Amino acid sequence: MSTAYVIVTIVAAAAVLIASGVDVFRAQWVRDNMRSYGIPEWTLMPLAVIKVAGAVGLLVGLAIPSLGLAAAICLVLYFIGAIITILRARGYGDLAYPMPYLALAAASAVLFVLA
């Protein structure tokens, strides 16, 4: 297990946990964005739970590597779904929000495979 993998995975997990916290506390800008994407506000909590599960999976993956890879792949798919949702709603100005999370999750998966 490389140092780069460990660092990127911890940063990715922390970032995703912070993003899920924003969902849990239902920040007004998040609710406004969800409405503009055509997504019901009640989905904020389930989406936050999915992100928390992914972040925890990344961290547990430091001890159980296959779980970490699965979590990274699932987070990549989650954030690709977020990007597709934004594109469908033509919210092009909001595309920058999920990109760093996608990049971190993808970097964790790639560094795992390379390690």
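Nothing here was measured: the structure is a model prediction, and the numbers come from that model.

Colleague: Give a detailed account of the UniProt feature "transmembrane region" (unreviewed entry) in the chain, specifying residues and quantitative values.
Modeller: Using the residue numbers shown here, the UniProt feature "transmembrane region" (unreviewed entry) corresponds to residues 45-64, 69-89 and 95-114. The straight-line gap between the two end C-alpha atoms of residues 45-64 is 27 Å; of that span, 80% is helix and 0% is strand. Across residues 95-114 one finds 80% helix and 0% strand; the C-alpha atoms that close the span lie 28 Å apart.

Colleague: Can you explain the pattern of salt bridges? Please cite residues and give values.
Modeller: Summed over the entire model, instances satisfying the criterion amount to four salt bridges. A salt bridge links Asp23 to Lys51; the nearest nitrogen and oxygen atoms lie 2.6 Å apart. Of this pair, Asp23 sits in helix H1 (residues 3-24) while Lys51 sits in helix H3 (residues 44-60), and the two are 28 residues apart along the sequence. For Lys51, a relative accessible area of 4% translates into the label buried. For Arg31, the salt bridge identified is with Glu41, shortest N-O distance 4.0 Å. On the criterion of sequence distance, the pair formed by Arg31 in helix H2 (residues 28-37) and Glu41 in the loop between H2 and H3 is long-range, its members being ten residues apart. By relative accessible area, which is 22% here, Arg31 ends up partly exposed. Taking relative accessible area as the criterion, Glu41 reaches 29% and is therefore assigned partly exposed. Members of the salt-bridge network, linked through shared partners, are Arg31, Asp32, Arg35 and Glu41.

Colleague: Can you break down the environment of Val56 residue by residue, with the values?
Modeller: Note on placement: Val56 falls in helix H3. Judged by relative accessible area, which is 43%, Val56 ranks as partly exposed. Sequence separation between Val56 and Ala13 is 43 residues; the distance between their C-alpha atoms is 7.0 Å.

Thresholds applied
Residues numbered from 1 in each chain as written. Predicted model: local features only at pLDDT ≥ 70, side-chain atom pairs only at ≥ 80, totals over all residues. Heavy atoms only, no water. UniProt positions renumbered as here; feature names shortened; annotations may be inferred. Helix = DSSP H or I, 4+ residues; strand = E, 2+ residues; numbered from the N terminus. Salt bridge = Lys/Arg side-chain N within 4 Å of Asp/Glu carboxyl O. Buried < 20%, exposed > 50% of the residue type's maximum accessible area, 1.4 Å probe, protein only.

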